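Each chain, letter by letter, is given below.
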Amino acid sequence: MRDFIYNIPTKVYFGKDQLHHLGEELKRFGNKVLLTYGGGSIKKTGLYDKVVKEVRDANLILHEYSGIEPNPKLSSVAEGADLCKKLDIDVILAVGGGSVIDASKFMAAGRYYDGDYWDFHSKKVPVEKALPVVCVLTIAATGSEMDTTGVITNEATHEKKGRSAELLRPAVAFMDPQNTYSVSKYQTACGSADILSHIMESYFSHEKGMYMTDTAMVGLMKTVIKYAPIAYNDPENYEARANLMWASSWAINGFTRIDKGTNPWSCHPIEHELSAFYDITHGLGLAIVTPRWMKHVLSDETLDRFAEFGIEVWEIDYNLPKTEIAREAIHCLEDFFYKDLHLTSNLTDLGITDKYFEIMAERVSNYSGEPRYVEMSKQDVLDILNASL
Ligand code: NZQ
Ligand code: ZN
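Note that this is a predicted model, so its numbers are computed, not measured.

Draft legend 1. Examining the coordination of the zinc ion (ligand 2) more closely. Coordination sphere of the zinc ion (ligand 2), protein contribution only: Asp 194 (OD), His 198 (NE2), His 268 (NE2) and His 282 (NE2), at 2.0 to 2.1 Å. Read in sequence order, the donor residues coordinating the zinc ion (ligand 2) give the pattern D-x3-H-x69-H-x13-H. Taken together, the residues span a long stretch of sequence, with Asp 194 in helix α7 (residues 185–203) and His 268 in helix α10 (residues 267–278) at a distance of 74 residues. In terms of burial, Asp 194 and His 268 fall into one category: buried.

Draft legend 2. Looking closely at the site of ligand 1. Residues in contact with ligand 1 amount to 30 residues; listed here are only the nearest, Gly 39, Gly 98, Ser 99, Asp 147 and Lys 160. At a separation of 3.4 Å, a nitrogen atom of ligand 1 approaches a polar side-chain atom of Ser 144. One nitrogen or oxygen atom from the side chain of Lys 160 is found 2.6 Å from an oxygen atom belonging to ligand 1. Burial of ligand 1 by the surrounding chains reaches 88%, relative to a free accessible area of 960 Å². Put simply, the parts of the chain that give the shell around ligand 1 at least two residues each are α5 (98–110), β6 (149–154), α7 and α10. For the shell around ligand 1, the per-class residue count stands at 7 nonpolar, 19 polar and 4 charged.

Draft legend 3. Quick peek at helix α14 (residues 357–365). Of the positions making up α14, those classed as buried are Phe 357, Met 360, Ala 361 and Val 364. For α14, the angular spread of the buried residues around the axis is 95°, confining them to a single face.

Draft legend 4. Quick look at the side chain of Asp 176. Locating Asp 176 in the fold gives a position in the loop between β8 (172–175) and α7. Although Asp 176 is buried, it forms no salt bridge, and the closest oppositely charged side chain is Lys 50 at an N-O distance of 6.5 Å. A distance of 2.8 Å separates a polar atom in the side chain of Asp 176 from the backbone nitrogen of Gln 178. Setting aside residues up to four positions removed in sequence, Asp 176 forms contacts with Gly 15, Lys 16, Tyr 238 and Met 245.

Draft legend 5. Representation of the pattern of salt bridges within the structure. Counted under the stated rule, the structure contains 21 salt bridges. Here Glu 273 ties to Arg 363 by a salt bridge, and the two come within 3.1 Å at their closest N and O atoms. One end of the pair, Glu 273, is in helix α10; the other, Arg 363, is in helix α14, and 90 residues separate them in sequence. Between Lys 322 and Asp 304 there is a salt bridge, with its nearest N and O atoms 2.8 Å apart. In this pair, Lys 322 sits in helix α13 (residues 322–340) while Asp 304 sits in helix α12 (residues 303–313), placing the two residues 18 residues apart along the sequence.

Draft legend 6. Summary view of the packing of α12 against α13. Close contact between α12 and α13 brings their axes to 8 Å; oriented N to C, the two are set at 60°. On the basis of the axis angle, α12 is oblique to α13. As for how α12 packs across α13, the hand of that crossing is left-handed. On α13, the residues touching Leu 303, Asp 304, Phe 306, Ala 307, Phe 309, Gly 310 and Ile 311 of α12 are Lys 322, Thr 323, Ile 325, Ala 326, Ala 329 and Ile 330. The class makeup of the residues in the contact of α12 with α13 is 9 nonpolar, 2 polar and 2 charged.

Cut-offs applied
Per chain, residues are indexed from 1 in the order of the written sequence. Just so you know, chain letters begin at A and ligand numbers begin at 1, following the order they were written in. With the structure being a predicted model, the display of local features is reserved for residues of pLDDT at least 70 and the display and counting of side-chain atom pairs for 80 or more, all residues being used for whole-chain, interface and lining totals. The basis for every side-chain value is the complete set of non-hydrogen atoms in the structure, without hydrogens or water. Shown as donors are all N, O and S atoms within 2.8 Å of a metal ion, widened to 3.2 Å for Na, K and Ca; because water is not in the atom set, sites may appear incomplete. Counting from the N terminus, the helices are the DSSP runs of H or I reaching at least four residues and the strands are the DSSP runs of E reaching at least two. The rule is simple: take the accessible area with a 1.4 Å probe, protein chains only, and divide by the maximum for that residue type; under 20% is buried, over 50% is exposed, in between is partly exposed. If a single non-hydrogen atom of a residue is within 4 Å of a molecule or strand, that residue counts as near it. Identification of polar contacts relies on pairs of N or O atoms within 3.5 Å, with a donor-acceptor requirement for protein atoms, meaning one able to donate a hydrogen and the other able to accept it, and with residues adjacent in sequence counted only if both atoms are side-chain atoms. Accessibility throughout is a Shrake-Rupley quantity obtained with a 1.4 Å probe, and a residue counts as covered only by protein chains that appear here. Note on residue categories: nonpolar means Ala, Val, Leu, Ile, Met, Phe, Trp, Tyr, Cys or Pro, charged means Asp, Glu, Lys or Arg, and polar means any other residue, Gly included. In this description, one arc is meant: the one made by directions from the helix axis to the C-beta atoms. Charge assignment in this entry is limited to Lys and Arg as positive and Asp and Glu as negative, and neither His nor the chain termini are counted. Basic side-chain nitrogens of Lys or Arg form a salt bridge, by our definition, when they fall within 4 Å of a carboxyl oxygen of Asp or Glu. Contacts are assigned to residue pairs that have any heavy atoms within 4.5 Å of one another. Every axis corresponds to a line fitted to the C-alpha atoms, with the helix fit spanning only the stretch in contact, and the corresponding angles, defined between N-to-C directions, vary from 0 to 180 degrees. An angle counts as roughly parallel when it lies under 35 degrees, as roughly antiparallel when it exceeds 145, as roughly perpendicular when it falls between 65 and 115, and as oblique in every other case. Handedness of each helix crossing follows the sense of rotation of the near helix against the far helix: counterclockwise by less than a right angle gives left-handed, clockwise gives right-handed.

Put into structure tokens, the structure is as follows:
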């Protein structure tokens, strides 16, 4: 277990009757608000009208930037950041999912940066100042509402990269599970796959000794496994939507990996290459890649962890041989993604071929951070991608 600092300061308003606090929270940061949102789901659901009413009732000046796409593009970030400069915005109000919140985080940082906005992701220039971001979450998935990361796609170079900085963590998050009732079955499934993946990416680590966070991760994984199919089949089930929403935040806000240093992830870098080239839904890519990654890294060295995963998370009989438990655990995960959540099980169905696999594998393996759970050479990544076809 490593030393750590716990500092997760996002103020969360969770539940059905919290939006009336929006005005007072925004006012803490100033009076010029940029409302950011995506392709219009918030207009269809009526959330847009509710949010605008709160902002107007608080006598704040409201500007808008809309049309942020899933897998948000650098061009959208640039337009939003330029707008923040031009209008001298005080606070960004992001209403939507991970894409809207991620793009808003880099609009917030871009407000104070005069170079190319991609520098944050490519050159890792420091985020020295950023506008505060207040968010109203509409889909349980990425955890962006409470984490320090923004994942942006550079459409010109087909690169999709995440960048984290403490200043990007939303100041306030409004989480009303009812706002996720309208999320489609498909996006509910993809979001749940993403939450589960965030937990698994931390769970499969060599850092030992933190039974407390290990056990909490098991609880979080079981929460997703229990409630995702319920939300999928019964979209207005409050308990299911609420459990998924709160799990999404705690899966990635830093808590599960706080004792594990940087703990580099394995499946996310591969998926980000896929969605950079093919603009696929992030959670779907993870659901396809993760079981293949697991089969690829299962070995004598990792067997104990996979067996624990099988016994604790999937409740497989601990009397069975460990290899059998490990294989059965991967099989349970496949059933969860492809049967319970009806997600596509392969890349071929998405029209993806091996055309860009070389460059994807090169980029994933060209990495110099701390060791991953299991190191991945270019050939390893190629094997995982080919097995995903
Ligand atoms: O754009 P609108 O019209 O709002 O529609 C969205 C979008 O089409 C729709 N949607 C969202 N809430 C809805 C709704 N439709 C009906 N009712 C609602 N209440 O769902 C679609 C997907 O939205 P999006 O924001 O793209 O989903 P998600 O939250 O999964 O975000 C995905 C992005 O986040 C990145 C992903 O790579 C991807 O770019 N990630 C961000 C992370 C982070 N910040 O830490 C970590 C993740 O690993 C991930 O990489
Ligand atoms: Zn993710």
